[in-house]
Every structure is written in structure tokens, then in C-alpha cells.
Amino acid sequence: MKKKLPPTAARTAEIPAFDPIEAALREIFDGIESEPVPDDFADLVAKLGKTRPGEA
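All figures in this text were calculated on a predicted structure; none of them were measured in a lab. (Residues numbered from 1 in each chain as written. Predicted model: local features only at pLDDT ≥ 70, side-chain atom pairs only at ≥ 80, totals over all residues. Heavy atoms only, no water.)

All right, on to the overall build of the chain then. A count of helices and strands for the chain gives three helices and zero strands. Each helix and strand of the chain, placed in order from N terminus to C terminus, yields the pattern α-α-α. The burial tally for the chain puts 0% of its 56 residues in the buried class. Within the structure as shown, the chain displays about 5,900 Å² of accessible surface, and the carbon and sulfur contribution to it stands at 63%. (Helix = DSSP H or I, 4+ residues; strand = E, 2+ residues; numbered from the N terminus. Buried < 20%, exposed > 50% of the residue type's maximum accessible area, 1.4 Å probe, protein only. Areas by Shrake-Rupley, 256 points an atom, 1.4 Å probe, with all protein chains shown as cover.)

What follows is the structure in C-alpha cells.
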């Protein structure tokens, strides 16, 4: 049988505590994620995709 948690413990287990560091990191990540990929980086990735192993 499962142990029943007291009502307050059950509520805190369901709702995670607010973490300001996590919120700040998520805000930074969301901002970076929405930025376009720079053209020079996209060109580099395209060049790397065209080379064969052993070629430079």
C-alpha cells in the first residue's frame, strides 16, 4: 500500500518551487533560440556537410 502524504506535503510535491536561476536561464535560452543562425555559421555547416572524411 502507498503511504498517503499529508495534504501540505502532497501539494508541495505537485507544485515545484520557483527557482529564479532556472527562470533567468530559461529567459536567456528562449531569447537565443529565437535568433536567426548567422550566415557565416550556416555557410560553415554547409561546407562541412559537403566534405568527405579525409578531405579538408
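Having seen the structure, we can now continue with the description.
The grouping of Val37, Phe41, Leu44, Val45 and Leu48 at the surface amounts to a nonpolar patch, some 490 Å² of accessible area in total. Positionally, Leu44 belongs in helix H3 (residues 39-50). (Patch = residues over 30% accessible without salt bridge, like charges linked within 9 Å, V, L, I, M, F, W, Y side chains within 5 Å. Salt bridge = Lys/Arg side-chain N within 4 Å of Asp/Glu carboxyl O.)

Attention shifts here to helix H2 (residues 20-33). Look at H2: 20 Å from first C-alpha to last across 14 residues, which is about the 20 Å you get at 1.5 Å a residue. Judged by how many residues are buried, H2 sits mostly at the surface: zero of 14 residues are covered. Put simply, Asp19 is the residue that caps the front of H2, since its side-chain oxygen is 3.2 Å from the backbone nitrogen of Ile21. (Expected span 1.5 Å × (residues − 1). Polar contact = N/O pair within 3.5 Å; in protein donor to acceptor, adjacent residues only side chain to side chain.)

Quick look at the confidence of the model for the chain now. Caution applies to low-pLDDT regions: their predicted coordinates should not be interpreted in detail. Averaged over all residues, the pLDDT of the chain equals 80, while 64% of them reach at least 70. Element-level pLDDT for the chain is lowest in helix H1 (residues 7-14), with a mean of 59, against a maximum mean of 93 in H2. (pLDDT = per-residue confidence, 0-100.)

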